[in-house]
Amino acid sequence: MNTLPPLPGPLPLPAPDPRAHDVVLDYAGMHALVADLVLPGDASMHVMSAMETSRELIRHSYYRYEFATVAVMHSLFALEHVLAERLAVNKPLQDLIERAVDAGLITAELAAELDRGRLLRDKLTQGAVTSAALGPARATDMVRVVFDAVSLLLRPSAVAEATAADMSGAQPEDQLARLWEEHRRALFPASFRGVDIEGVDLVLLDADVAGLVQRELNAVLDDRGIAILWACIADLDKIVPLINEEYCAAYFARLRTMAKLAAARHIPTAT
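Residues numbered from 1 in each chain as written. Predicted model: local features only at pLDDT ≥ 70, side-chain atom pairs only at ≥ 80, totals over all residues. Heavy atoms only, no water.

Student: What's the story with the nonpolar core in this structure? I'm lost.
Tutor: Across soluble globular proteins, nonpolar side chains show a tendency to be buried alongside one another. With 46 residues, the main nonpolar core has L79, L83, I106 and L114 as its most contacted residues. Among the elements of the structure, helix 2 (45-59), helix 3 (67-87), helix 4 (93-102), helix 5 (108-126) and helix 6 (136-153) are those that each provide at least two residues to this core. Considering every element that reaches this core, the biggest residue donor is helix 6, with 10 residues. With residues up to four places along the chain from it excluded, the contact list for L79 reads L93, L114, V146, A149, V150 and L153. Core analysis: the next-biggest nonpolar cluster, separate from the first, contains 35 residues, L212, I226, L236 and Y251 among them. (Core = buried A, V, L, I, M, F, W, Y, C linked by side-chain atoms within 4.5 Å. Buried < 20%, exposed > 50% of the residue type's maximum accessible area, 1.4 Å probe, protein only. Helix = DSSP H or I, 4+ residues; strand = E, 2+ residues; numbered from the N terminus. Contact = heavy atoms within 4.5 Å.)

Student: Would you mind going over the side chain of R59 with me for this structure?
Tutor: Residue position: R59 is located in helix 2. Given the relative accessible area of 15%, R59 is considered buried. Not counting residues up to four positions away in its chain, the partners in contact with R59 are Y27, M30, H31 and V34.

Student: Looking at this structure, I do not really get the packing of helix 10 (residues 223-239) against helix 11 (residues 246-264). What am I missing?
Tutor: Relative orientation and spacing of two packed helices are given, respectively, by the angle between their axes and the distance between those axes. The N-to-C vectors of helix 10 and helix 11 enclose an angle of 150°; their axes lie 10 Å apart at closest approach. One element, helix 10, and the other, helix 11, form an angle in the roughly antiparallel class. Seen along the crossing, helix 10 lies across helix 11 with a hand that is left-handed. Along its contact with helix 10, which presents L229, W230, I233, L236, D237 and I239, the element helix 11 presents F252, L255, R256, A259, K260, A262 and A263. Here the residues of the contact of helix 10 with helix 11 are counted per class, giving 10 nonpolar, no polar and 3 charged. (Axes fitted to C-alpha atoms, helices over the stretch in contact; angles between N-to-C directions. Parallel < 35°, antiparallel > 145°, perpendicular 65-115°, else oblique. Left-handed = near helix turned anticlockwise from the far one by under 90°. Nonpolar A, V, L, I, M, F, W, Y, C, P; charged D, E, K, R; others polar.)

Student: I'm lost on the pattern of salt bridges in this one. Help?
Tutor: The final tally for this structure, using the stated rule, is 20 salt bridges. A salt bridge links E80 to R121; the shortest N-O distance between them is 3.4 Å. Taken together, the residues span a long stretch of sequence, with E80 in helix 3 and R121 in helix 5 at a distance of 41 residues. Classification of E80 as partly exposed rests on a relative accessible area of 24%. Through salt bridges that share partners, D17, R19, R64 and E66 make up one connected network. (Salt bridge = Lys/Arg side-chain N within 4 Å of Asp/Glu carboxyl O.)

Student: Quick question: what am I supposed to make of the packing of helix 5 against helix 11 here?
Tutor: Contact geometry for helix 5 and helix 11: axes closest at 8 Å, N-to-C directions at 125°. By the angle class used here, helix 5 and helix 11 are oblique. Helix 11 is crossed by helix 5, and the crossing has right-handed handedness. Facing A108, E109, A112, E113 and R116 of helix 5, the residues of helix 11 in contact are E246, A249, A250, A253, R254 and T257. A breakdown of the residues in the contact of helix 5 with helix 11 according to their chemical character gives 5 nonpolar, 1 polar and 5 charged.

By themselves these figures say nothing about function.
Rendered as structure tokens:
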């Protein structure tokens, strides 16, 4: 038996959040904002539900601004599930993203973008930021990165391997050489000169890894150099998630990938 009293009248329509007015003119504009967030047809129900919910949260952030940040957090459920399934390992999201780069499933640049979402999630958990951290436009960009990554990871193995070969080279040796050429042409993030993060000087770290990678490509990296390289990798693992500027994050994510590719050549093969 329903004991709730009858409603006094029709419920009022939700009022637009004034903080969303600088993004779109009206609610219809939110449809265009998320129009290119297309769900992959071959995703599981769990992944599909998480991705669709994240898209709709952005749409409805027109009425509640905080929904935009929540949308990014929700999209990470799908990413974490797909990464764990594809890599066949149950690890924290940061580790899964790094493993996906090492396996050639995603690029270092894409990984850096994904890691920004993970870092935001950690800050929310720690109370360092609030759910109003992102507006709808920026949240859409971050969710789009997750959609792109999930679509890539859900491709059949043969297609994914071909894509990885196109983007990263068929062999680790080719991948290291390609990344080194990209890095040589890239400008160091100007605003980060003279900056250190957690006691790590970014300019010195860049120079150390670049020198060691070049020595590896010239086949002259010795045991002492390998030990220094692993110490650099530990520093990169520490500082990359803390970089809050897109270009700098991508720059050092690529540096970390190069360092790991170079170091991996010196790991003894299991017998």
